[in-house]
Amino acid sequence: MFVVTVQAHYDSAHFLRNYKGKCERLHGHRYVVEVALATEELDTAGIAFDFVDVKKHLRELADYLDHNNLNDLPPFETVEPSAENQAKYFYDEMKRRLPGRMADAVLYVKVWETPTQWAMYSERTLFI
């Protein structure tokens, strides 16, 4: 199995509505998002997926969130803007935006809130 990953970052604020503690107050993060695509075959150029194509779509999504209060943006005005829900948002949007076999190859999305903590979403069982 070949796995290709691409990362982007965005700086955003958020607060958690249903949380008691520091995170219920407005605060910011420099998020890093990583999307992974998996395939068993390479193309004739010897690559699984073109990094440029994947990064273009990931960057568009990150730009939408960049320098915003996530709580003000769909879907996070009704969905908690936790790292877990952000990972699912990116996963769903990448599957929707990527063409053909690329969409079917999305393996997981990770969102880091800090350099030492991240949340991941996948529809597959992964052993990491």
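The model shown is predicted, which means the values in this text are computed figures rather than measured ones.

Novice: Give a description of the nonpolar core that names residues and reports values.
Specialist: Membership of the largest hydrophobic core comes to 32 residues, with the highest contact counts inside it found for V35, L37, F90 and V111. For this core, the secondary-structure elements that each account for two or more residues are β1 (2–14), β2 (27–39), α1 (51–65), α2 (83–97), α3 (100–104) and β3 (106–114). Looking at this core element by element, the count peaks at six residues for α2. Excluding its chain neighbours within four sequence positions, the residues that come into contact with L37 are F2, V3, V4, F49, V54, L98, M102, A105, V106 and L107.

Novice: Would you mind going over the pairing of β3 in detail, with residue names and values included?
Specialist: Most of β3 is tucked away, with eight of its nine residues classed as buried. Where β2 and β3 come together, six bridges link them in antiparallel fashion. Residue V33 lies in a different strand from β3, and its bridge partner there is V111. Here β3 folds back onto strand β4 (residues 117–121), and the loop between the two strands holds two residues.

Novice: Outline the packing of aromatic side chains, supporting the account with residue identities and numerical values.
Specialist: Applying the stated criterion across every chain, the model contains six aromatic pairs. Judged by centre distance (4.9 Å) and plane angle (20°), the rings of Y10 and Y31 are stacked. Here Y31 lies in strand β2 and Y10 lies in strand β1, a separation of 21 residues in the sequence. With a centroid separation of 5.5 Å and an interplanar angle of 75°, the aromatic rings of Y89 and F90 are classed as edge-to-face. There is no split in this pair, since Y89 and F90 are both buried. Of note, K110 hangs over the ring of W118, and the distance from its end group to the ring centre comes to 4.1 Å.

Cut-off values and rules
Residues numbered from 1 in each chain as written. Predicted model: local features only at pLDDT ≥ 70, side-chain atom pairs only at ≥ 80, totals over all residues. Heavy atoms only, no water. Core = buried A, V, L, I, M, F, W, Y, C linked by side-chain atoms within 4.5 Å. Buried < 20%, exposed > 50% of the residue type's maximum accessible area, 1.4 Å probe, protein only. Helix = DSSP H or I, 4+ residues; strand = E, 2+ residues; numbered from the N terminus. Contact = heavy atoms within 4.5 Å. Pairing = 2+ DSSP bridges. Phe/Tyr/Trp six-rings, centres within 6.5 Å; stacked < 30°, edge-to-face > 60°. Lys NZ or Arg CZ within 6 Å of the ring centre and 35° of its normal.

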